[in-house]
Amino acid sequence: MTERAAPSALAAPSPGRSARPFWREPPSATVRLGRGALLGAVALMVLVPAWSILVTSVASKETIEQTGGMVMLPRELDLSAYVAIFSGGQLPRALGVSALVALLGTSLSLVSTVLAAYALSRPSLFGQRPLLAYFLLAFLLYPGLVPSYLVVSGLGLKDTLWALILPNAVSVFNLVVVRSFFMGLPSELLDAARLDGASEWAVLVRIVLPLSGPVVGVVGLFYAVGYWNAYFNAVLYIDDPELWPLQRLLQSYILAGQAPLLGGASPAGFSAHPPTLAVKMAAVVVAVLPAVLVIPFFRRNFTSGMLVGGVKG
Amino acid sequence: MVAPAALLLLVFHYVPTLGHLMALQDYNPFLGESALGALLESEWVGVDNFLDLFADSAFWDALKNTLAITLFQLVFFFPLPILLALSLHGLASAKLRGFLQGLACLPHFFSWVLVVTFFVQMFGGAGLLAQQLRQHGGEPWDIMTNPDTFLLLVTAEAVWKDLGWGSLVFLAALSSVDVSLYEAAAVDGATAFRRLVHVTLPALRPVIVLLAILRLGDALSVGFEQYLLQREAVGRQAAEVFDTYVYYQAILPQQWGVGAAAGLFKALVGLVLLLAAQRAARALGDPGVYSRS
């Protein structure tokens, strides 16, 4: 599957993966300059703010006052902002809420997506075509915001964590990607298992899933990132600050600069002492960390999982 | 096996889709036993809600802002991931390519709250840029609260978040091009530029058409959170888009009928645009989103 771009016999056999084929002359100076500028700009626009935020989060009060705000040059390693955040109060709670929602939600999403994708990838399934149409129709028909809101509140989900999980639990896009990947698996393998008397469940759990690590991993990552980053559902459905997920808390804390984050302050009475810049930036670092950590995993599996599944669809 | 996913989709996607019918009602949530009962018992009022909606100048402002943002981004954002993909693809070093790709994709995994925070800390009134300008005797400017440059700001944010991510699909298309095509072209004397025009771009064309169609079908959704988060700072006049209009004018004041009318309007316009773009693509000889075979 991945050998599609295999070098033909004409290409010089090269020891390194990075060698260019013989016919591909080095790019002209203009191309190199333009490309360097673009790639450099892309790298800088991520690295500069990330660096500044990280350095500010570990800067002391004096350093921040001297520079007049964001710090670029590190002078010391002052972890008091992180201590302040984790010594109690709203942020650890919001982190817990978001982690719980991401964990429960991703499990539910993955299980229902994989089950449906497997069933729909079997052409022998009774009623496969209408069922597939039932799922694909979701691409064309969009619910309105008002009816969605009324359904969620009508089910009594407001101010419960389920309101953050159930409404977006199944993404038809992810389902289609997983199904395409399953359909690309060699059917002889699955048929052999069936001949040996394996049930569909056994085929799914013991044959299909072990072969589908990358695609299930990447789709699971998409779901998890979606739950972790969700903000609007919390605005709509969660009025109780005790149940606020991380993003909702960060919004009122950093952007609106009002919610209490540090220990002791009650959610109702907004804190008397506004958060310092270092504490704000420390909160940003904590919120960004999961994204930074998943990138290597994502890079390893994206091409083999997502694109093969998606392109074949 | 399909039951859990089918049920979730039914309750949270298709039932609210059916709920578009509320647009033709004077919906009263206190009628009947449940939300469904209320839907059955509410009075049918025909197109009254739409008349109310179209009479609201804030609705037209929101529609205008939304379309302006979509068009602006289609012209100034859409080509950038293609450029980035071409640049990355041309890099000889696989290591450097992988590193840059990972770095460029990183902001895609940040929430909008964090993206806006990053921009405030860099370009806001107390941000890094204003601070540097002040120190060097310049005049600090604050693009985070300026309604006149809001279009540029949201596009810059969208580019920052999704440039790298958007380039992935083009990179995949580039790496699936048959290398012998390049060889043959080179042997026939095609320069690098001609190979770009006659081999690379035709290979990217289906992907470009597909993404453009999908974007047009979504013309009325420019993303919710980005605008909700900045509406306070910039003001309603510039930052109200279609979705925030529904939130502020329907859900908060509980104007269900008008909100549902706006929702149905958006769904119908989206469907029509999607089908029209698909038809146009077919007329130009591209398969588009789906093929009939």
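Reading the values: rules and limits
- Residues numbered from 1 in each chain as written.
- Chains lettered and ligands numbered in written order.
- Predicted model: local features only at pLDDT ≥ 70, side-chain atom pairs only at ≥ 80, totals over all residues.
- Heavy atoms only, no water.
- Helix = DSSP H or I, 4+ residues; strand = E, 2+ residues; numbered from the N terminus.
- Contact = heavy atoms within 4.5 Å.
- Patch = residues over 30% accessible without salt bridge, like charges linked within 9 Å, V, L, I, M, F, W, Y side chains within 5 Å.
- Areas by Shrake-Rupley, 256 points an atom, 1.4 Å probe, with all protein chains shown as cover.
- Salt bridge = Lys/Arg side-chain N within 4 Å of Asp/Glu carboxyl O.
- Buried < 20%, exposed > 50% of the residue type's maximum accessible area, 1.4 Å probe, protein only.
- Core = buried A, V, L, I, M, F, W, Y, C linked by side-chain atoms within 4.5 Å.
- Phe/Tyr/Trp six-rings, centres within 6.5 Å; stacked < 30°, edge-to-face > 60°.
- Lys NZ or Arg CZ within 6 Å of the ring centre and 35° of its normal.
- Buried area = accessible area lost by both parts, 1.4 Å probe.
- Nonpolar A, V, L, I, M, F, W, Y, C, P; charged D, E, K, R; others polar.

**Some thoughts on the environment of B:L163**
Next, step 1: Considering the arrangement of structural elements, one finds B:L163 in helix 9 (residues 150–175).
Next, step 2: Here B:L163 is in contact with A:V42, A:M45, B:F77, B:L80, B:P81, B:L84 and B:A158, once residues within four sequence places are set aside.

**Thoughts on a nonpolar patch on the surface**
Residue and element names in this part refer to chain A.
Next, step 1: On the surface, L77, L79 and V83 cluster together into a nonpolar patch covering about 320 Å² of accessible area.
Next, step 2: Relative to the helices and strands, L77 resides in the loop between helix 2 (61–67) and helix 3 (80–86).
Next, step 3: With relative accessibility at 68%, the residue L77 sits in the exposed group.

**A closer look at the nonpolar core**
Next, step 1: Residues A:F135, A:F182, A:L250 and B:F110 are the most contacted members of the largest nonpolar core, which totals 172 residues.
Next, step 2: At 14 residues, helix 14 (residues 277–312) of chain A tops the list of elements feeding residues into this core.
Next, step 3: Excluding residues that lie within four positions of it along the chain, B:F110 makes contacts with A:N229, A:V288, A:A291, B:V115, B:F118, B:W160 and B:K161.
Next, step 4: If you look at the next biggest cluster of nonpolar residues, it comprises five residues, including B:V209, B:L274, B:A277 and B:A281.

**Points about the packing of aromatic side chains**
Next, step 1: Taken as a whole and judged by the stated rule, the model has 26 aromatic pairs over all chains.
Next, step 2: Here A:Y134 and A:F135 contribute two aromatic rings whose centre-to-centre distance is 5.4 Å and whose plane-to-plane angle is 85°, an arrangement assigned as edge-to-face.
Next, step 3: Centre to centre, the rings of A:F232 and B:Y247 are 5.7 Å apart; their planes meet at 75°, and the pair counts as edge-to-face. Here A:F232 is found in helix 12 (residues 232–237), whereas its partner B:Y247 is found in helix 14 (residues 242–251) on a different chain.
Next, step 4: Look at A:F232 and you get buried, because its relative accessible area is 7%.
Next, step 5: Among the residues examined, B:Y247 registers a relative accessible area of 8% and is labelled buried.
Next, step 6: Grouping aromatic residues by their ring pairs yields a cluster made of B:F50, B:F54, B:F59, B:W60, B:F242, B:Y245 and B:F265.
Next, step 7: Between A:R248 and the ring centre of A:W244, over which it is positioned, the NZ or CZ distance is 4.1 Å.
Next, step 8: The ring of B:W112 is capped by B:K161, whose NZ or CZ atom sits 5.1 Å from the centre of that ring.

**Some details on the pattern of salt bridges**
Next, step 1: Within the structure shown, the criterion is met by six salt bridges over all chains.
Next, step 2: Put simply, A:R194 and A:E200 hold a salt bridge, and the shortest N to O gap is 2.7 Å.
Next, step 3: A:E200 gets classed as partly exposed once you look at its relative accessible area, which sits at 32%.
Next, step 4: B:D243 is paired through a salt bridge with B:K266; the nearest N and O atoms lie 2.8 Å apart. On the criterion of sequence distance, the pair formed by B:D243 in helix 14 and B:K266 in helix 15 (residues 256–283) is long-range, its members being 23 residues apart.
Next, step 5: On the basis of relative accessibility, which here comes to 21%, the residue B:K266 falls in the partly exposed class.
Next, step 6: By sharing partners, the salt bridges in this structure join A:D191, A:R194 and A:E200 into a single network.

**Things to note about the interface of chain A and chain B**
Next, step 1: Counting residues at the interface gives 89 residues for chain A, matched by 83 residues for chain B.
Next, step 2: Approximately 7,600 Å² of surface area, both sides summed, lies buried where chain A meets chain B, with 78% of it carried by carbon and sulfur atoms.
Next, step 3: Our count for the contact surface shared by chain A and chain B stands at zero salt bridges.
Next, step 4: Here the side of chain A that touches chain B is built from residues that sort into 69 nonpolar, 12 polar and eight charged.

**Things to note about the side chain of A:N229**
Next, step 1: Relative to the helices and strands, A:N229 resides in helix 11 (residues 213–229).
Next, step 2: Ignoring sequence-local partners within four residues, the contact set of A:N229 consists of A:Q247, B:F109, B:F110, B:S111 and B:E225.

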